[in-house]
Amino acid sequence: MTTWEYLTAPLLIHNTKTILDNFGSQGWELVAITPGPAGTENVVAYFKRPKES
């Protein structure tokens, strides 16, 4: 059975590709993106990856 670890990170709209590529290169898989705090252009990204035993 796979055990997962999770990460939540702010995602700056003007630099999205670079940020996502960076997390992807570390083994993180993007699960969801949700709006950030009201009045901001930022969103929150949720990632998961298999946890090392």
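Predicted model only: the values in this text are computed from it and were never measured.

Engineer: Honestly, the packing of aromatic side chains in this entry has me stumped. Any pointers?
Structural biologist: The way to describe two aromatic rings as a pair is by their centre distance and the angle between their planes. Scanning the model with the defined rule gives one aromatic pair in all. Ring geometry for Phe 23 against Phe 47: centres 4.6 Å apart, planes inclined by 35°, an arrangement best described as tilted. With Phe 23 in helix H1 (residues 16-25) and Phe 47 in strand S3 (residues 43-50), this residue pair connects regions lying 24 residues apart in the sequence. For Phe 47, a relative accessible area of 2% gives the class buried. Sitting over the ring of Trp 4, Lys 48 keeps its end group 4.1 Å from the ring centre.

Cut-offs applied
Residues numbered from 1 in each chain as written. Predicted model: local features only at pLDDT ≥ 70, side-chain atom pairs only at ≥ 80, totals over all residues. Heavy atoms only, no water. Phe/Tyr/Trp six-rings, centres within 6.5 Å; stacked < 30°, edge-to-face > 60°. Helix = DSSP H or I, 4+ residues; strand = E, 2+ residues; numbered from the N terminus. Buried < 20%, exposed > 50% of the residue type's maximum accessible area, 1.4 Å probe, protein only. Lys NZ or Arg CZ within 6 Å of the ring centre and 35° of its normal.

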